Amino acid sequence: MTTAERDCTPGGIGSCAHRAGHGAAASTLSYERKSTARSHNVKMAARSWAWIIAMAVAAICVNATEAHAQMFINELFFDPPGSAADATHEYVELRGTPGASLANHYLIFVENEDNLSHTGGAGLIELIFDLGSQSLGSNGFLTLRQKANQFSVYGNYAVDPAATDLQNTGTGVGYGSGAGSSIGASNVGSGGAPDGRIENSGFTAMLIRNGGDPVANAPTLGFDLDVGNNGLDVATGRTDWTILDSIGIFSERFEAWDPDFNVPLGRLYGAVNFGPETAESTPGFVPNIEPGTTYLGTDFEIEIAARWGNSTGQAPDDWHISNVTDNSLSGFTPGGSDFRQSVGDPHPTGPLESTKNVPYGTVLTNTLGSANYPLNVAPPLAGDFDQDGHVDDDDLNNEWKPRFGVDLDGADFLDWQANYGSTSTDAVAANGAVPEPAAASLLALAIAGIAINQRRDNRRRG
């Protein structure tokens, strides 16, 4: 080996090749090939990680778009105790993205009643709230309330100041109707005249967005969504409508079932539906509902429907369906508005009238413009980002992903992972399921992977 060959080291590729003979050139060529291969591998790895990041970011962006499009019917109090309160103490609550515009949005109530010949009013629009000029409050809530009455035996509700609070001050009673409503309401009562209230016997409430002509395609009183009373003529209500949320209620017995002929009677159109009749209490009972939707029998009269916490799903478990009372034994304040969880007769020992086993006497009407029970009495679990009382996939997909880097980070993901499967009343199981990382966690892994590869490459170069 020549001196030049002995001096040839990988650190001096160019000079070695220039000074030495054939042997040195071969050595240089070999090193250059190894260096090129390493560089190629680093580039390929970088491209792979870049692809993973791109896919993860794309998934996050898709989920962010979906999350921003979400809007919910959050609470419907449609049958307060006492007949006079129907004109003063009903209320509606909506929830969604804070500050979101409600342009081209409507809340409609659809008739549920029918007769044996199926020529009844099922499918007719009987109450409309035109929300187009409004937006959700800074906390994402909006309330619709009836006109105050100084002669009411009940007090006024307290509403979260961050919510958009719309209370009728027009000339019409209740919510008002047409020119008599200051909150965009119009309705046809059970007697054919406006009465400014929600039909007590039942309805389907639909929160819709009109994507068609803002005038010609807007909902109108008396429009029949179900000609023939055999199901919606158009799955979305009308062409170019989007149903953002819906719930159907048979509030009283025999609205859904004719006991003399043992056949279904009324019809509901919600994604989820409720009524007093059950298969156990009414043998042979089958509700008239839309294909692919669900029904839960309660075995009690229904007066209030509220999403459980800040739930976002379309299953019965996402709702608390209940009957309320102003019975003094429940703790109700005379002259107040703190309507309580009820039981059947006799008070206070009758059967509980709650689909969530909420204790008798619990106040259910003290969350206007804010998160529903139980979030008003217990803080959410760590990882329960949508505050519905459950740590589940919705928290990751609908909340953590679009909010990652805004108000949630990797530590919040670890909270979600640790508490996955828990509810607000459960302790975290020591052997609880830990789901596979999805797009957002994949992004974190991708970033970590790039850092590891970079350190390895730096060590090789050093």
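Conventions we followed
- Residues numbered from 1 in each chain as written.
- Predicted model: local features only at pLDDT ≥ 70, side-chain atom pairs only at ≥ 80, totals over all residues.
- Heavy atoms only, no water.
- Helix = DSSP H or I, 4+ residues; strand = E, 2+ residues; numbered from the N terminus.
- Buried < 20%, exposed > 50% of the residue type's maximum accessible area, 1.4 Å probe, protein only.
- Contact = heavy atoms within 4.5 Å.
- Areas by Shrake-Rupley, 256 points an atom, 1.4 Å probe, with all protein chains shown as cover.
- Pairing = 2+ DSSP bridges.
- Axes fitted to C-alpha atoms, helices over the stretch in contact; angles between N-to-C directions.
- Polar contact = N/O pair within 3.5 Å; in protein donor to acceptor, adjacent residues only side chain to side chain.
- Core = buried A, V, L, I, M, F, W, Y, C linked by side-chain atoms within 4.5 Å.

Quick look at the overall build of the chain
Point 1. Helix and strand counts for the chain come out as six helices and 17 strands.
Point 2. For the chain, buried positions account for 47% of its 462 residues.
Point 3. Look at the contacts in the chain between residues 6 or more apart in sequence, and 60% of them connect residues 24 or more apart.
Point 4. Carbon and sulfur atoms make up 55% of the accessible area of the chain, which amounts to about 21100 Å² in all.

Side note on the sheet that holds strand S14 (residues 304-307)
Point 1. If you trace the six strands from one edge of the open sheet to the other, you get S6-S5-S2-S1-S14-S15, paired in mixed fashion. Edge positions in the sheet fall to strand S6 (164-167) and strand S15 (319-322), since each of these pairs with one other strand and no more. Each strand axis lies, on average, 20 degrees off the axis of its neighbour in the sheet, ignoring direction.
Point 2. Pairing between strand S2 (residues 91-96) and strand S5 (residues 141-145): five bridges, direction antiparallel. Bridged to leucine 94 within S5 is leucine 142.

Quick word on the side chain of asparagine 187
Point 1. On the secondary structure map, asparagine 187 appears in strand S7 (residues 185-187).
Point 2. Reaching out from asparagine 187, the side chain makes a polar contact with the backbone nitrogen of glycine 196 at a distance of 3.2 Å.
Point 3. Beyond its immediate stretch of four places on either side in the chain, asparagine 187 contacts Glu126, Leu127, Gly176, Ser177, Pro194, Asp195, Gly196, Arg197 and Leu221.

Things to note about the nonpolar core
Point 1. The biggest cluster of nonpolar side chains holds 34 residues, and the ones touching the most others in it are Leu76, Val92, Leu107, Phe109, Phe129, Leu144 and Ile247.
Point 2. Sequence-distant contacts of leucine 107, defined by excluding residues within four places in its chain, comprise Ile73, Val92, Leu94, Leu127, Ile128, Phe129, Leu131, Leu144, Met206 and Leu207.

Quick look at the pairing of S2
Point 1. When you tally the buried positions in S2, you get six out of six residues, the bulk of the element.
Point 2. Burial along S2 is two-sided: the face carrying Tyr91, Glu93 and Arg95 and the face carrying Val92, Leu94 and Gly96 are both buried.
Point 3. In the sheet, strand S1 (residues 71-77) pairs with S2 via six bridges, with the strands oriented antiparallel. Bridge assignment links methionine 71 to a residue of S2, and that residue is glycine 96.

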